[in-house]
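Understanding the architecture of this molecule
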Amino acid sequence: MCSSVSYCSLCYLHRYLTGQVDKRTLEKYEREAKEKNRETWYLSWALDTNLEEREKGKTVETGRAFFDTEKKRYTILDAPGHAGFVSNMISGAAQGDIGILVISARKGEFETGFERRGQTREHAMLVKIAGVRHLVVLINKMDDPTVKWSEERYEECKTKLTPFLKTVGFNPKTDIYYIPVSGLAGTNLKYDVDSSVCPWFEGSPFIKYLDDFPSIPRDDGGPLKIPIVDKYKDMGTMVIGIIQSGTVTRGQQLVVLPNKTPVEVLSVIRSEEEVHAGYSGDNIKLKLKGVEEEDVSQGFVLCEPSVVCHTGKLFDAQIIILEHKSIICAGYSAVIHIHTAVEEVQIVSLIGLYDKKTGKRIPGRPRFVKQDQVVVARLETTGVICLETFNDFPRMARFILRDEGKTIAIGKVLKLM
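Structural notes, computed from the coordinates. (Residues numbered from 1 in each chain as written. Predicted model: local features only at pLDDT ≥ 70, side-chain atom pairs only at ≥ 80, totals over all residues. Heavy atoms only, no water.)

**Some points on the overall build of the chain**
On a plain count of helices and strands, the chain comes out with eight helices and 22 strands. By residue count, 54% of the 417 residues in the chain fall in the buried class. The long-range fraction of contacts in the chain, counting pairs at least 24 apart against all pairs at least 6 apart in sequence, stands at 68%. Carbon and sulfur atoms make up 49% of the accessible area of the chain, which totals about 19500 Å². (Helix = DSSP H or I, 4+ residues; strand = E, 2+ residues; numbered from the N terminus. Buried < 20%, exposed > 50% of the residue type's maximum accessible area, 1.4 Å probe, protein only. Contact = heavy atoms within 4.5 Å. Areas by Shrake-Rupley, 256 points an atom, 1.4 Å probe, with all protein chains shown as cover.)

If you want it as structure tokens, here you go:
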């Protein structure tokens, strides 16, 4: 799962309701938060673990937690919601299967998040581009005095959100599910909301909906691909990532790309427990032998030596310009976010414009491209990155271009040079 604004409090309460966190720990965080005059933030402290996050009340890095139900095992990825940490939000979304978009129903807060430059819009778009196909929208703070479990307010949020989510690429009938909740009280998370409180909602509570959601197809037998999200030292080199395809086992010989460093897997850790193997879709930690922690970076990919992923700097891609005040010409530079990699990139040349309605190429080579246009361009990154074409492996082909803290364009890799 991946997540958005103010989700860390919900994540922690979720784990408490499912028995993954004991009451004593909850009381400890509540006491510590009160000492710092942050009484209302205590639930978020389980996933906002560093001092900066706790002082500011903002998630900076993607937090990870786990919980189990009788039916499934879940990994929670609490991605940052603040505009200043969108880069970390993208890498978190790249690991998710289901997006959990948390919306405040409180008067004024929903409107702020959904306005033209609001984070709600950007997050919904980014998780779709990152490969998330299904979105659960939690309409939070339904117990707020300005809302009082109002069906009218709930429907107002839905009515404004749905058309936008449709333009992003989510099918309202099959890809989106709305649930009214109170994160602070835990209402409609694990158990059905009381009919005396909310008589108009007849859908499933959050956890039941996830439990009943059809299993996502995995490719355990495919070529191993593990984009690295993070690394650290702990009696050896530890890396964190999600297995996009294939299976990894203890003792297996792998290679770290793009540097082509041979390594051995000393241990596989899933849900904080050491296991013999990890499978496609698992968020895992690996202890590696043969490489130093400083020689591994976010965006590197672990593969089997016999079937490695592609690496390179030069590629052709289809790009949709979302927002840019001026024209874009060859030589334009930005930052590319592709799977978990982040790198400087430059547009080398513009190859052709395409009609958004018909999908047909417009004759001639364009001299420039502007907002709302679709173009095929040749791009070159500063350093060598791991990537695939969209036809071969979409999860490592979709990308986002950002400049000056704004999302400029989205795209997909068509051809490797």
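**Quick word on the side chain of Arg395**
Along the chain, Arg395 falls in the loop between strand E20 (374-386) and strand E21 (398-403). For Arg395, a relative accessible area of 18% translates into the label buried. When residues no more than four places from it in sequence are discounted, the contact partners of Arg395 are Ala93, Ala94, Gly96, Asp97, Ala130, Gly131, Gln244 and His339.

**With respect to the nonpolar core**
Where a protein is soluble and globular, its nonpolar side chains tend to be buried together. Val137, Ile139, Leu161 and Leu165 are the most contacted members of the largest nonpolar core, which totals 52 residues. Considering each element in turn, this core owes the most residues, six residues, to helix H7 (residues 151-168). Apart from the residues lying within four places of it in its own chain, the contact partners of Val137 are Leu101, Ile103, Leu161, Leu165, Ile176, Tyr177, Tyr178 and Ile179. Within the second largest apolar cluster, 26 residues are counted, among which are Phe315, Ala317, Ile408 and Ala409. (Core = buried A, V, L, I, M, F, W, Y, C linked by side-chain atoms within 4.5 Å.)

**Some words on the state of the cysteines**
Applying the stated criterion across every chain yields a total of zero disulfides. The structure places no disulfide on Cys309, whose sulfur is separated from the nearest cysteine sulfur, that of Cys303, by 3.8 Å. (Disulfide = S-S within 2.5 Å.)

**Remarks on the packing of aromatic side chains**
Counted by the stated rule, this structure contains five aromatic pairs. Both rings, one in Tyr154 and one in Phe201, keep their centres 6.5 Å apart while their planes meet at 75°; by these two values the pair is edge-to-face. Here Tyr154, found in helix H7, pairs with Phe201, found in the loop between strand E6 (176-180) and helix H8 (206-212); they are 47 residues apart in sequence, far enough to count as distant. The residues Tyr154 and Phe201 share a single accessibility class, namely buried. Here Tyr177 and Tyr209 contribute two aromatic rings whose centre-to-centre distance is 4.0 Å and whose plane-to-plane angle is 5°, an arrangement assigned as stacked. Here Tyr177, found in strand E6, pairs with Tyr209, found in helix H8; they are 32 residues apart in sequence, far enough to count as distant. Note on accessibility: Tyr177 and Tyr209 belong to one class, buried. By way of ring pairs, the aromatic residues Tyr154, Trp200 and Phe201 are connected into one cluster. For the cation-ring pair, Lys128 lies above Phe170, with the distance from its terminal atom to the ring centre recorded as 4.9 Å. The side chain of Lys412 reaches across the aromatic face of Phe390, ending 4.6 Å from its centre. (Phe/Tyr/Trp six-rings, centres within 6.5 Å; stacked < 30°, edge-to-face > 60°. Lys NZ or Arg CZ within 6 Å of the ring centre and 35° of its normal.)

**What about unusual backbone geometry?**
Look at the link from Leu257 to Pro258: it is a cis peptide, with omega at 15°. Counting through the fold element by element, Pro258 comes out in the loop between strand E10 (253-257) and strand E11 (261-270). One non-glycine residue, Met235, lies in positive phi territory at about 55°. If you trace the backbone, Met235 turns up in the loop between strand E7 (226-233) and strand E8 (237-242). Its identity is not glycine, yet Lys260 carries a phi of approximately 60°, on the positive side.

**As for the environment of Lys313**
Mapped onto the elements, Lys313 comes out in strand E16 (residues 311-321). C-alpha of Lys313 to C-alpha of Val384: the two residues are 71 residues apart in sequence and 5.0 Å apart in space. When sequence neighbours within four positions are dropped, the list of residues in contact with Lys313 reads Leu379, Glu380, Thr381, Thr382, Gly383 and Val384. A polar atom in the side chain of Lys313 sits 3.4 Å from the backbone oxygen of Thr382. (Polar contact = N/O pair within 3.5 Å; in protein donor to acceptor, adjacent residues only side chain to side chain.)

**Re the pattern of salt bridges**
Within the structure shown, the criterion is met by 17 salt bridges. Linking Asp97 and Arg218 is a salt bridge whose minimum nitrogen-to-oxygen distance equals 2.7 Å. Taken together, the residues span a long stretch of sequence, with Asp97 in the loop between helix H4 (86-93) and strand E4 (98-104) and Arg218 in the loop between H8 and E7 at a distance of 121 residues. Here Arg218 falls in the partly exposed class, since its relative accessible area comes to 38%. The closest approach of N and O atoms between Arg106 and Asp144, which form a salt bridge, is 2.8 Å. Highlighted residues: Arg106 in the loop between E4 and helix H5 (109-114) and Asp144 in the loop between strand E5 (134-140) and H7, separated in sequence by 38 residues. Taking the relative accessible area as the measure of exposure, Asp144 reaches 9% and is therefore buried. (Salt bridge = Lys/Arg side-chain N within 4 Å of Asp/Glu carboxyl O.)

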